[in-house]
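Breakdown of the fold
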Amino acid sequence: MMTDLILKTLDDNGVLTITLNRPDVLNSLNRPIIEALIEAFNDASTNDDVRVVILTGAGRGFCAGADLLDGQWPREQGWSAGQSTAHAMKVGFNPLVRAVTGCDKPVLTAINGMAAGGGVGLALCGDLVIAGQSAKFKLVFGPQLGIIPDVGASWLVPRLIGRSRANGLGLLGDNLDAETAAAWGMVWECVDDDRLMERAQELAKRMADSAISGLKAVSRAHDHALDASLDEQLDYEVEKQEYYCDQPEFAEGVKAFATKRKPNFRGLTKKG
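This section reports on the structure supplied with the text.

Quick notes on the rules
Residues numbered from 1 in each chain as written. Predicted model: local features only at pLDDT ≥ 70, side-chain atom pairs only at ≥ 80, totals over all residues. Heavy atoms only, no water. Pairing = 2+ DSSP bridges. Helix = DSSP H or I, 4+ residues; strand = E, 2+ residues; numbered from the N terminus. Axes fitted to C-alpha atoms, helices over the stretch in contact; angles between N-to-C directions. 1 Å grid on protein atoms, 1.4 Å probe; cavity = no way out; pocket = protein on both sides within 12 Å on 5 of 7 lines; lining within 4 Å. Points joined across faces, edges and corners; volume = space filled by probe spheres on them. Salt bridge = Lys/Arg side-chain N within 4 Å of Asp/Glu carboxyl O. Buried < 20%, exposed > 50% of the residue type's maximum accessible area, 1.4 Å probe, protein only. Arc of directions from axis to C-beta. Contact = heavy atoms within 4.5 Å. Core = buried A, V, L, I, M, F, W, Y, C linked by side-chain atoms within 4.5 Å.

Taken together, the six strands give an open sheet; going across it, the order is E1-E2-E3-E5-E7-E10, and neighbouring strands pair in mixed fashion. The open sheet has two edge strands with one neighbour each: strand E1 (6-10) and strand E10 (189-191). Direction aside, neighbouring strands of the sheet carry axes that sit 20° apart on average. Of the strand pairs in this sheet, strand E3 (residues 52-57) and strand E5 (residues 107-111) are connected by three bridges, and their pairing is parallel. Its bridge partner lying in E5, Val53 is registered against Val107.

This part takes up the layout of surface pockets. By volume, the largest pocket amounts to about 910 Å³. Along its surface, the largest pocket is lined by 30 residues, and Gly126, Asp127, Leu128, Ser219 and His222 are the ones closest to its centre. When contributions to the lining of the largest pocket are tallied by element, the ones reaching two or more residues are helix H2 (81-101), strand E7 (128-132), helix H5 (153-161), helix H8 (196-208) and helix H9 (212-225). Ranked by the residues each element gives to the lining of the largest pocket, the list is headed by H9, at seven residues.

Take unusual backbone geometry next. Glycine aside, residues mostly have negative phi, and peptide bonds are mostly found in the trans state. For Leu26, which is not glycine, the phi torsion reads 50° and is therefore positive. Counting through the fold element by element, Leu26 comes out in the loop between strand E2 (15-20) and helix H1 (31-46). Although it is not a glycine, Asn27 adopts a positive phi angle of roughly 55°.

All right, on to the pattern of salt bridges then. Per the stated rule, a full pass over the model turns up 13 salt bridges. With its nearest N and O atoms 2.8 Å apart, the salt bridge here joins Asp209 to Lys205. Accessibility expressed as a relative area gives 35% for Lys205, which makes it partly exposed. When the shortest N-O distance is used, the salt bridge between Arg266 and Asp209 registers 2.8 Å. Of this pair, Arg266 sits in the segment after helix H11 (248-258) while Asp209 sits in the loop between H8 and H9, placing them 57 residues apart in sequence.

Along the chain, Glu202 turns up in helix H8. Owing to a relative accessible area of 31%, Glu202 belongs among the partly exposed residues under this scheme.

The next subject is H11. Those residues of H11 that fall on the buried side of the exposure criterion are Pro248, Glu249, Glu252 and Ala256. Projection of H11 onto a plane perpendicular to its axis shows the buried side chains occupying an angular sector of 100°, all on one side. Of the exposed residues in H11, the ones pointing more than 90 degrees away from its buried face are Phe257 and Ala258. Contacts from the buried residues of H11 go to H9. Lys260 sits one or two residues past H11 and shows a positive phi near 55°.

What follows is about the environment of Glu39. Tracing the chain through its elements places Glu39 in helix H1. Overall, Glu39 belongs to the partly exposed group, its relative accessible area being 34%. Along the backbone, Glu39 and Leu96 are 57 residues apart, and their C-alpha atoms lie at a distance of 9.2 Å.

Pairing between sheet strands relies on hydrogen bonds along the backbone, with the strands arranged either parallel or antiparallel. The four strands lie next to each other as E4-E6-E8-E9, forming an open sheet whose pairing is mixed. The strands lining the two open edges of the sheet, one partner per strand, are strand E4 (61-63) and strand E9 (176-177). Relative to E9, strand E8 (residues 136-138) runs antiparallel, the two being bridged by two bridges. In the strand pairing of E9, Phe137 is matched with Leu176.

Here we come to the nonpolar core. Residues Leu37, Phe41, Phe137 and Met186 are the most contacted members of the largest nonpolar core, which totals 53 residues. With eight residues, the top contributor of residues to this core is H1. Of all hydrophobic cores here, the second largest spans 14 residues; its members include Ile130, Val191, Leu196 and Ala204.

And the structure:
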């Protein structure tokens, strides 16, 4: 399903930009936009023309999280608010997180303005995250709603900035500005607002010119390491290197190194 709830543009470098397009409600997430996003990321994963994905928001904010007024999720008669929420998470929000993080192409999230609630989780799903100077991150769940962070935020935030800082954000609900987010390691860098998309395109093109399957493997290796012992991670490295060293990207990289030229990773055919 394609709707104008998201905008998609694919440039000649293979960079697909997906823009959340509900600016009147700070790009809050309801069923139609989530379904459109899931389809877009699943398509990007299998589309050979796409090498990198940028996710950003239209208007003055990235994403305000779940749309609490117009969610449009089916609700069975007799369901409690908790049962309805759990259903929406199972069929919508969690599949969205898995579609973004499971995309086989590197994903860069460019955070413009406010990312609140589940918008924080969505923002941090990217393999690389950059933020405009005016961007803010706000975990509203506990202080304003009496619930826990979701859309992956309860997993992502403490792993990126540690338990103490995550608890400070989650228990107090304060805004975290982009410069502090960069200093804490929540995002890769903070840039001037008027350069956000220009910088996103620069970084995306660099990745698009690289061995994209290897880049994605790097991000997944780091995720794996967060819950693995050193011995387990060493075994993981062996398993993955056995696979990726048999791929054409590795052969091209070695040839380019030997002949002192820049490798050309475009148009290579992946081996099984």
